[in-house]
Amino acid sequence: MAKNIGFISTRFAGTDGVSLEADKWARVFGEDGHQNFWYSGRSDRARDISMCVPEAFFGHPENLWINEHIWGVTQRSGMVTDRIQELAWYIETTLRRFVRTFEIDIIVVENALTIPMHVPLGVALTQFLAETSLPTVCHHHDFYWERTRFSVNAVRDYLDMCFPSTLPNMRHTVINQAAQEQLALRKGTSSVLVPNVFAFEEDPPGIDDYNADFRREIGLAEEDIFILQPTRIVPRKGIEHAIKLVALMGDPRCKLIISHDAGDEGLQYQNELVDLARESGIDMRIVADRISERRQLDGQGRKMYTLWDLYPHADLVTYPSIYEGFGNALLEAFYFRKPVLINRYAIFVQDIEPKGFDLVVMDGYVTRKAADHVRYILTHREARERMTETNYQLACRYYGYNALRNRLRSVMDSL
């Protein structure tokens, strides 16, 4: 029977992981005949199916003030408690209006009861769901105990109560096995493993009239080897290993192209990488100023490309991450049938590697053997095609929309 499903989070906008994965769930729900509606503090969803409440955004000034007084300290004042409760009370009234307006049957909470970037929203949701007993699916992406910045705090009571809350009308889903184990250990509650997915059932976009000039636009020659690091520049991505790989390749045609910049996490790591690349004598280019969420022209009249425009041109994808909650960029590389160098980060070892993917692997550091393996793959077309096709088929089986549909139907049936 078709249901009205209400997605709730602090933000549904842009290309952050939570927004993207929520879209995929909504697509599957829609294909099964359900109607999707959206509640958040920042939104790019259609107005007729969404409610945007600015106070629910983690970057709202009131929430930022609260965060300044609860993280990195061990005691909070009564005034801080009052402001948490006042904001939670207001948000709860908007949640009631959202459910009433769109006649919501089932709630899907996207990470808002997982990572405490907005404590009042978590409090409001917990109280609202306890009072209404609405059937609820919590989609957990990353828990607070996975982030050291939340270790010292003055809201242990709220963390225990709301992140996540464990009400009888809730079902919990997690994206990796380690999270499933920790949730059971810390909260004594079961969960369903629903890994991130990708549209493997559809053909990937290729080189077309718009993106055909991308290599030329960033200054690459036809014979250059395009090595793509498709991530932001943050320390946990381990990009120094990609630089080391290119150095070991010893081929001046190898160009390391990084798709995104550091974002809001500061430039220190990025500057260190620039120095390391220069000292290592490799050609590294950060092309974030040419990447956008959609194709368009920038203020100088230059073409802006999406990440999807880069993948078809890449000869190799590097993914030497030290830590990942899952590994969406890895799925993207499988989707575009690109060979991948990967570091064996914990979630990869536990959840992904046992599926049998064919990859160039490193275990904490790049070796000459790994560099030789990359060189072989790049120069032997049949081996490369066999590797990428194997990975595509396995990814389609385990991380395609059909796999997601089967798991979501199981979760929905349990409500």
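Structural data are supplied above this passage.
All of the points below concern the structure found in this document. (Residues numbered from 1 in each chain as written. Predicted model: local features only at pLDDT ≥ 70, side-chain atom pairs only at ≥ 80, totals over all residues. Heavy atoms only, no water.)

## Examining helix H15 (residues 401-413)
Reasoning step 1: Compared with an ideal rise of 1.5 Å per residue, which puts 13 residues at 18 Å, H15 spans 18 Å between its outermost C-alpha atoms and is within 8% of the ideal.
Reasoning step 2: Every buried residue of H15 is accounted for by Tyr401, Ala403, Leu404, Arg405, Leu408, Val411 and Met412. (Helix = DSSP H or I, 4+ residues; strand = E, 2+ residues; numbered from the N terminus. Expected span 1.5 Å × (residues − 1). Buried < 20%, exposed > 50% of the residue type's maximum accessible area, 1.4 Å probe, protein only.)

## A word on the side chain of Asp351
Reasoning step 1: With respect to the helices and strands, the residue Asp351 is situated in helix H12 (residues 346-352).
Reasoning step 2: It turns out Asp351 is buried and unbridged, and the closest side chain with the opposite charge, Lys355, is 6.6 Å from it.
Reasoning step 3: Setting aside residues up to four positions removed in sequence, Asp351 forms contacts with Ile175, Asn176, Gln177, Leu193 and Tyr399. (Lys, Arg positive; Asp, Glu negative; His and termini not counted. Salt bridge = Lys/Arg side-chain N within 4 Å of Asp/Glu carboxyl O. Contact = heavy atoms within 4.5 Å.)

## Regarding the sheet that holds strand S9 (residues 254-258)
Reasoning step 1: Spatially, the six strands line up as an open sheet ordered S10-S9-S8-S13-S14-S15, and their pairing is parallel. Only two strands of the sheet have a single partner each, and these edge strands are strand S10 (283-286) and strand S15 (360-362). Within this sheet the neighbouring strands show an average axis-to-axis angle of 25°, counted without direction.
Reasoning step 2: Where strand S8 (residues 225-229) lies against strand S13 (residues 316-319), two bridges are found, and the strand directions are parallel. Across the sheet, Ile227 pairs through a bridge with Leu316, a residue of S13.
Reasoning step 3: The sheet strands contacting helix H13 (residues 368-379) are S8, S13, strand S14 (340-343) and S15, and the helix crosses S15 at an angle near 165°. (Pairing = 2+ DSSP bridges. Axes fitted to C-alpha atoms, helices over the stretch in contact; angles between N-to-C directions.)

## Let's talk about the sheet that holds strand S3 (residues 50-52)
Reasoning step 1: Spatially, the seven strands line up as an open sheet ordered S3-S2-S1-S4-S5-S6-S7, and their pairing is parallel. Each edge of the open sheet is held by one strand with a lone partner, namely S3 and strand S7 (192-193).
Reasoning step 2: As paired strands, strand S1 (residues 4-8) and strand S2 (residues 35-40) are joined by five bridges and run parallel to one another. Looking at the pairing, Gly6 lines up with Phe37 of S2.
Reasoning step 3: Against the sheet, helix H4 (residues 119-132) contacts S1, strand S4 (106-110), strand S5 (136-140) and strand S6 (170-174), and its axis sits at roughly 160° relative to S4.

## Observations regarding the nonpolar core
Reasoning step 1: Counting 48 residues, the largest nonpolar core has Tyr39, Phe98, Leu125 and Leu129 as the members making the most contacts within it.
Reasoning step 2: Every element with two or more residues in this core is listed here: S2, helix H2 (61-70), helix H3 (78-102), S4, H4, helix H5 (156-162), S6 and helix H6 (177-187).
Reasoning step 3: When neighbours within four sequence positions are excluded, Leu129 is seen to be in contact with Ile107, Val109, Leu113, Leu134, Thr136, Leu167, Asn169 and Met170.
Reasoning step 4: Judged by nonpolar contacts, the second largest core, of 38 residues, contains Phe226, Tyr319, Phe348 and Ile352. (Core = buried A, V, L, I, M, F, W, Y, C linked by side-chain atoms within 4.5 Å.)

## Some points on the packing of aromatic side chains
Reasoning step 1: On inspection of all chains with the given rule, the structure shows 29 aromatic pairs.
Reasoning step 2: For the pair Trp308 and Phe336, a centre-to-centre distance of 5.4 Å together with 75° between the ring planes defines the contact as edge-to-face. Here the residue Trp308 occupies a position in helix H10 (residues 307-310), and Phe336 occupies one in the loop between helix H11 (328-335) and S14, the gap between them amounting to 28 residues.
Reasoning step 3: Under the relative-accessibility criterion, Phe336 is labelled buried at 7%.
Reasoning step 4: Three or more aromatic residues joined by ring pairs make a cluster, and in this case those are Phe198, Phe200, Trp308, Tyr311, Tyr335, Phe336 and Tyr392.
Reasoning step 5: The ring of Trp38 has Arg45 sitting right over it, with the charged end atom 4.4 Å from the ring centre.
Reasoning step 6: A cation over a ring is seen here: Arg83 above Trp65, with NZ or CZ 3.6 Å from the ring centre. (Phe/Tyr/Trp six-rings, centres within 6.5 Å; stacked < 30°, edge-to-face > 60°. Lys NZ or Arg CZ within 6 Å of the ring centre and 35° of its normal.)

## Brief notes about the pattern of salt bridges
Reasoning step 1: Enumeration according to the criterion identifies 33 salt bridges in this entry.
Reasoning step 2: The closest approach of N and O atoms between Arg337 and Glu389, which form a salt bridge, is 2.9 Å. In this pair, Arg337 sits in the loop between H11 and S14 while Glu389 sits in helix H14 (residues 381-399), placing the two residues 52 residues apart along the sequence.
Reasoning step 3: Residue Arg337 is classed as partly exposed on the basis of its relative accessible area of 31%.
Reasoning step 4: Overall, Glu389 belongs to the partly exposed group, its relative accessible area being 32%.
Reasoning step 5: As a salt-bridge pair, Arg375 and Asp372 come within 2.7 Å of each other at their nearest N and O atoms. Of this pair, Arg375 and Asp372 both sit in helix H13, separated by three residues, roughly a single helical turn.
Reasoning step 6: Taking the relative accessible area as the measure of exposure, Arg375 reaches 30% and is therefore partly exposed.
Reasoning step 7: Connected through shared salt-bridge partners, Arg27, Glu31, Asp32, Glu202, Arg405 and Arg409 make up one network.

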